[in-house]
Amino acid sequence: MKAWIALLVLGAPACRALEPVPIRFGTRQFIEYRPGDLPLVIAAPHGGREKPADLPDRREGVLSMDTATDELALAVAEAIAARRGARPHVVVCRLHRIKFDANRDLPEAAQGHPAAEQAWHDHHGFIDQACRDAVGRHGWAFLIDLHGHSHPVAQVELGWLHPASDLARPTEAINHPDFARQGSAELLTRLLNRPYSEFLHGPASLGALLEQQGFPATPSPRLPVPIPPYFRGGYTLARHCDAGRGIAGVQIEANRPRLRDTAANRRRFAEALAAALTTFLPGGLQLERSGPSGAMKK
Ligand SMILES: [Zn+2]
């Protein structure tokens, strides 16, 4: 009898393990894409370490990598999968930034080298594919471009494409439709029918939700106007986020101390971000209950 009970307990795991997803690769495996089924796409453009000898070093621009952001992206994806029983899409660049910068337009990213140009097409092509798939299934997609900064203040910087000075404008100005059009989260106001300022630095903002979990962040109710140096979001966000196509997004710049520095801290942040996103995003980022305008999967 006791053995029978033990078997029952062992045979009924609390959460069904997800099947492994085959990784798709771009040319020479410089870019990897793990397809998902949630309306969330996580890209890590600057965590790559590979320095193939036949690719010349880039001559200008920022050349230093964002340490451990590739591992952080996978940790976030795992934490979300554990919560939701479904996966986000993940696009990871394996090339070191001295060879290729995925978060720049083509000339600056590849600086004329054909293999780096192909990596650029693969990277943005996979993001396009992931967003199209998410919009097709759910009616919307949310893109996180995941980075790491080394600014003096150890806090998470959330870039919505607005310069810090614009975030200091009066609430009425921020909630005007023209303001949202300049940013990367216009779609959220449409989907959730709430004022834009709430998403940027209100009590229900992503910054507020991260702070509640012990990770200082800006913009947030504590620090609604980021103090420079501050990254407001770059090329990838501007290229892909478009309310008309059903895509919103944020550039997350993670500090290194107490966040990216150890595997345990990366897991801790991954859990916090997963919890924050399941509150912040439409439908609680559920597979079966998506955004109000979303086509349902299956
Ligand atoms: Zn970066």
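These numbers were taken from a predicted model, which means no experiment stands behind them. (Residues numbered from 1 in each chain as written. Predicted model: local features only at pLDDT ≥ 70, side-chain atom pairs only at ≥ 80, totals over all residues.)

Enquirer: Just checking my understanding: could you explain the overall build of the chain for this structure?
Expert: On a plain count of helices and strands, the chain comes out with 13 helices and 8 strands. Against the compact-globule benchmark of 19 Å for 298 residues, the chain has a radius of gyration of 19 Å, which places it among compact chains. Taken along its principal axes, the extent of the C-alpha atoms in the chain is 70 × 55 × 40 Å. Across the 298 residues that make up the chain, the buried fraction comes to 49%. Residue pairs at least 24 apart in sequence account for 72% of intrachain contacts in the chain once pairs closer than 6 positions are excluded. (Helix = DSSP H or I, 4+ residues; strand = E, 2+ residues; numbered from the N terminus. Rg over C-alpha atoms; globule rule 2.2 N^0.38 Å. Buried ≥ 20, exposed ≤ 12 C-beta atoms within 10 Å, placed from the backbone. Contact = placed C-beta atoms within 7 Å.)

Enquirer: What's the story with the nonpolar core in this structure? I'm lost.
Expert: Nonpolar side chains in soluble globular proteins tend to be buried together. Residues Val41, Ile42, Val76 and Leu143 are the most contacted members of the largest nonpolar core, which totals 79 residues. When near neighbours in sequence (up to four residues on either side) are disregarded, Ile42 contacts Ala73, Val76, Ala77, Pro88, Val90, Ile144 and Leu146. (Core = buried A, V, L, I, M, F, W, Y, C linked by C-beta atoms within 7 Å.)

Enquirer: Is there a simple way to explain the environment of Pro35 in this structure?
Expert: Looking at the element boundaries, Pro35 is found in the loop between strand 2 (31-34) and strand 3 (40-44). The exposure class of Pro35 is partly exposed, given the 17 C-beta atoms found within 10 Å. In sequence terms Pro35 and Thr189 are 154 residues apart; their C-alpha atoms lie 27 Å from each other. If sequence neighbours within four positions are ignored, Pro35 has contacts with Val21, Arg24 and His89.

Enquirer: How should the pairing of strand 8 (residues 247-254) be read in this particular structure?
Expert: Side-chain positions along a regular strand alternate between the two faces of the sheet. In terms of residue burial, strand 8 counts as a mostly covered element, since 8 of its 8 residues are buried. Burial along strand 8 is two-sided: the residues Ile247, Gly249, Gln251 and Glu253 and Ala248, Val250, Ile252 and Ala254 are all buried. Here strand 5 (residues 141-148) pairs with strand 8 via 8 bridges, running parallel. Residue pairing in the sheet places Leu146 in a bridge with Ile252 of strand 8. As defined by bridge partners, strand 6 (residues 156-159) adjoins strand 8 across 3 bridges and the pair is classed as antiparallel. Residue pairing for strand 8: Leu158 is matched across the bridge by Ile252. (Pairing = 2+ DSSP bridges.)

Enquirer: I tried to follow helix 13 (residues 263-280) on my own but got confused; where do I start?
Expert: With 18 residues, helix 13 should cover 26 Å at 1.5 Å per step; its first-to-last C-alpha distance of 25 Å lies within 8% of that length. Where helix 13 is buried, its residues meet strand 3, helix 2 (69-84), helix 10 (206-212), strand 8 and helix 12 (256-260). (Expected span 1.5 Å × (residues − 1).)

Enquirer: In this structure, what is going on with the pairing of strand 5? I would like to understand it.
Expert: Among the 8 residues that make up strand 5, 8 are buried, leaving the element largely enclosed by the rest of the structure. In strand 5, alternate side chains face the same way, and those of Ala141, Leu143, Asp145 and His147 on one face and Phe142, Ile144, Leu146 and Gly148 on the other are all buried.

Enquirer: For this particular structure, what's the right way to read the packing of helix 2 against helix 13?
Expert: Each packed pair of helices is defined by two parameters, the angle between the axes and the distance between the axes. For the pair helix 2 and helix 13, interaxial distance at closest approach is 8 Å and the crossing angle is 50°. Overall, the two elements helix 2 and helix 13 adopt an arrangement that is oblique. The element helix 2 and its partner helix 13 pack so that their crossing is right-handed. Across the interface between the two elements, Glu71, Leu72, Ala75, Val76, Glu78, Ala79, Ile80 and Arg83 of helix 2 pack against Arg266, Arg267, Ala270, Glu271, Leu273, Ala274, Leu277 and Thr278 of helix 13. Class assignment of the residues belonging to the contact of helix 2 with helix 13 gives a composition of 9 nonpolar, 1 polar and 6 charged. (Axes fitted to C-alpha atoms, helices over the stretch in contact; angles between N-to-C directions. Parallel < 35°, antiparallel > 145°, perpendicular 65-115°, else oblique. Left-handed = near helix turned anticlockwise from the far one by under 90°. Nonpolar A, V, L, I, M, F, W, Y, C, P; charged D, E, K, R; others polar.)

Enquirer: Is there a simple way to explain helix 4 (residues 114-138) in this structure?
Expert: At 3.6 residues per turn, the α-helix brings residues three or four places apart onto the same side. In a regular helix each residue adds 1.5 Å, so 25 residues correspond to 36 Å; helix 4 covers 36 Å between its end C-alpha atoms and thus fits that length. Listed as buried for helix 4 are Ala116, Ala119, Trp120, Asp122, His123, His124, Phe126, Ile127, Ala130, Cys131, Ala134 and His138. With its phi angle positive at about 90°, Gly139 sits one or two positions after the end of helix 4.

Enquirer: Mind showing me how you'd approach unusual backbone geometry here?
Expert: Peptide bonds are, in most cases, trans, and in most cases residues other than glycine have a negative phi. For the bond running from Thr218 to Pro219, omega is -5°, close enough to zero to count as cis. Structurally, Pro219 is set in the loop between strand 7 (217-218) and helix 11 (235-240). Here the bond from Pro228 into Pro229 is cis, since omega is 0°, no more than 30 degrees from zero. Tracing the sequence through the fold places Pro229 in the loop between strand 7 and helix 11. The phi dihedral of Arg28 is positive, around 60°, even though this residue is not glycine. Here Arg28 lies in the loop between strand 1 (24-25) and strand 2. Its 16 C-beta neighbours within 10 Å are what place Arg28 among the partly exposed residues.

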